[in-house]
Amino acid sequence: MIELFRNPSYDFLGKAKYFIIFSAIVLVAGCISMVVRGFNLGVDFAGGTKLTVRFVSPPDENQIRDALRKGGYSPDKVVIQRTGKQLSQSDRNEVFINTPQTEADVDGDKRKITEALQQHYGTPVPADKLDLNLVGASTLAARLTEQDLLELKKTLPPGEAEKEYQRFAEQVIQQRDAAGGTLSDIKRISLASFDPKMAEALEQVAAIGSFNVVSAEIVGPQVGKDLRNRAIIVTIIACFGMLLFIAFRFEWVYGVAAVIAVVHDVLITLGLFSLFQWEISLTFIAAMLTLVGYSMNDTIVIFDRIREQLAQRRREDFAAVTNDAINQTLSRTVITSGLTLLSVLALVLFGGEVLKSFSLALLVGILFGTYSSIAIASPVLLWWKRYFEQRQPIAAPAESPSSSASSKKSASPRAKSAPTR
């Protein structure tokens, strides 16, 4: 195995008070921020409207944000995420737009956001024409039937004109969907199976807009609350399960020390997310559960080495044994965490906005998880051991035969003199 440190002999436990002070400062700052500032909860937890919008040309996120601001949305509450532009994917000119829910239903919010984008982004479609990137087949067929520019109602039997316009409209919308949800040029629509005059009629009733709302959904605040409560319960159950496992595999004190270190990591991660107001999305929960397991894994490696050392050095001081165990596993801890950290760092830099919450939580968690395995779990274990040793009753020293005999001699005159009183 590669060793970064040759025979390290760092006195980690001798510096434990500095580690504890550092952790206490970060924890207190994080807890104050959690109480005073709270968290920047994403739509998954706070509730809101989620839209996927695909643009004809590469969208300008600042322009979208400005359009929504003019449409009545606070820029601080709007989240705009480009998709399909990271991880070597082709650019689909697509963005996720998350906004607080302002209307009673999803159609109301969709209409409000669409109007805001239409007024301030790209070239708006004339008011007397339909936007082919936004309408459905039924709406397009109804407009064509209403205007009946080909006069099919006069030449075809009753009801046949409506069917022909509906078939034509469905063909147009199918080609739009096949093109990824947006059309960039109305003349590129293939209508070989229809009368050429139908294409002219289409140009008179419809035009190409700048974007298409691919999907829209509402996440209610109750759903977000349920997700948050389930996340808390799952984390507590995970910690309790690991406590039982470590207690079974080692001792209770080892389990308590490991769980305290995990709670330390979780609180610090939550505190930093509150301090910097990083958004907490659903992927954050997955990162926290990963963090709990990762932090526990590092701690168990050190505890296992302590147990091995104790089997060979029973009469030595527990602090010296613990310190040696940390030094012996230091290379393994740094190499493992360092390699994982490089992968997570790549996610932070290139993972895009969608994975930002997940990758940031993992980055913070791995840094402090590695730190707590050395600087928190082991000092807590040492303190706990000493605390219980001091509470153990001191055994009376065994009496030697000579002292026993002398005590009998000294006691016998008193035994004899007792009756003379």
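Attention in this report is confined to the structure presented alongside it. Note that this is a predicted model, so its numbers are computed, not measured.

1. Some points on the pairing of strand β2 (residues 48-55)
For step 1, the next point in the chain: Most of β2 sits out of view: seven of its eight residues are buried.
For step 2, the next point in the chain: In terms of strand pairing, β2 meets strand β7 (residues 211-219) through eight bridges, oriented antiparallel. By the bridge assignment, phenylalanine 55 is partnered in β7 with phenylalanine 211.
For step 3, the next point in the chain: By the bridge criterion, six bridges tie β2 to strand β4 (residues 94-99) in an arrangement that is antiparallel. Bridge pairing in β4 links lysine 50 to asparagine 98.

2. Quick look at the packing of helix α10 (residues 252-275) against helix α11 (residues 282-312)
For step 1, the next point in the chain: Their axes nearest at 9 Å, the elements α10 and α11 cross at an angle of 145°. The crossing of α10 and α11 is right-handed. Across from Tyr254, Ala257, Ala258, Val259, Val262, Asp265, Val266, Thr269, Leu270 and Phe273 in α10, the residues of α11 making contact are Phe284, Met288, Leu291, Val292, Ser295, Met296, Thr299, Phe303, Ile306 and Leu310.
For step 2, the next point in the chain: Its residues placed into classes, the contact of α10 with α11 shows 16 nonpolar, three polar and one charged.

3. Digging into helix α13 (residues 330-350)
For step 1, the next point in the chain: Relative to the 30 Å expected for 21 residues at 1.5 Å per residue, α13 spans 30 Å between its end C-alpha atoms, a close match to the ideal helical length.
For step 2, the next point in the chain: Residues of α13 that are buried include every one of Leu330, Ser331, Thr333, Ser337 and Val344, and no others. The arc enclosing the buried residues of α13, seen along the axis, measures out at 160°, which places them on a common side. Of the exposed residues in α13, the ones pointing more than 90 degrees away from its buried face are Leu339, Leu342 and Phe350.
For step 3, the next point in the chain: At its buried positions, α13 is contacted by α11, α12 (318-328) and α14 (356-391).

About the thresholds
- Per chain, residue numbering runs from 1 following the sequence as it is written.
- Reporting of local features is limited, given that this is a predicted model, to residues whose pLDDT is at least 70; pairs of side-chain atoms are given and counted only at 80 or more, and all residues count toward the totals for whole chains, interfaces and linings.
- Side-chain metrics in this entry use all non-hydrogen atoms of the structure; hydrogen atoms and water are not considered.
- Between buried and exposed lies partly exposed: a residue is buried under 20% and exposed over 50% of the maximum accessible area for its type, with that area taken using a 1.4 Å probe on protein chains only.
- Strands here are runs of E lasting at least two residues and helices are runs of H or I lasting at least four, both read from the DSSP assignment and numbered beginning at the N terminus.
- By the convention used here, strands pair only if DSSP detects at least 2 bridges between them.
- Axes, fitted as lines to C-alpha atoms, cover a helix only where it is in contact. Angles between the N-to-C directions of the axes lie from 0 to 180 degrees.
- A clockwise turn of the near helix away from the far one marks a right-handed crossing, whereas an anticlockwise turn of less than a right angle marks a left-handed crossing.
- The contact criterion used throughout is that any non-hydrogen atoms of two residues lie within 4.5 Å.
- For this classification, Asp, Glu, Lys and Arg are treated as charged, while Ala, Val, Leu, Ile, Met, Phe, Trp, Tyr, Cys and Pro are nonpolar and the rest, including Gly, are polar.
- The span one expects for a helix is its residue count, reduced by one, times 1.5 Å.
- Arc definition: directions from the helix axis to the C-beta atoms.

From the geometry alone we can't say anything about function, so treat these as descriptive.
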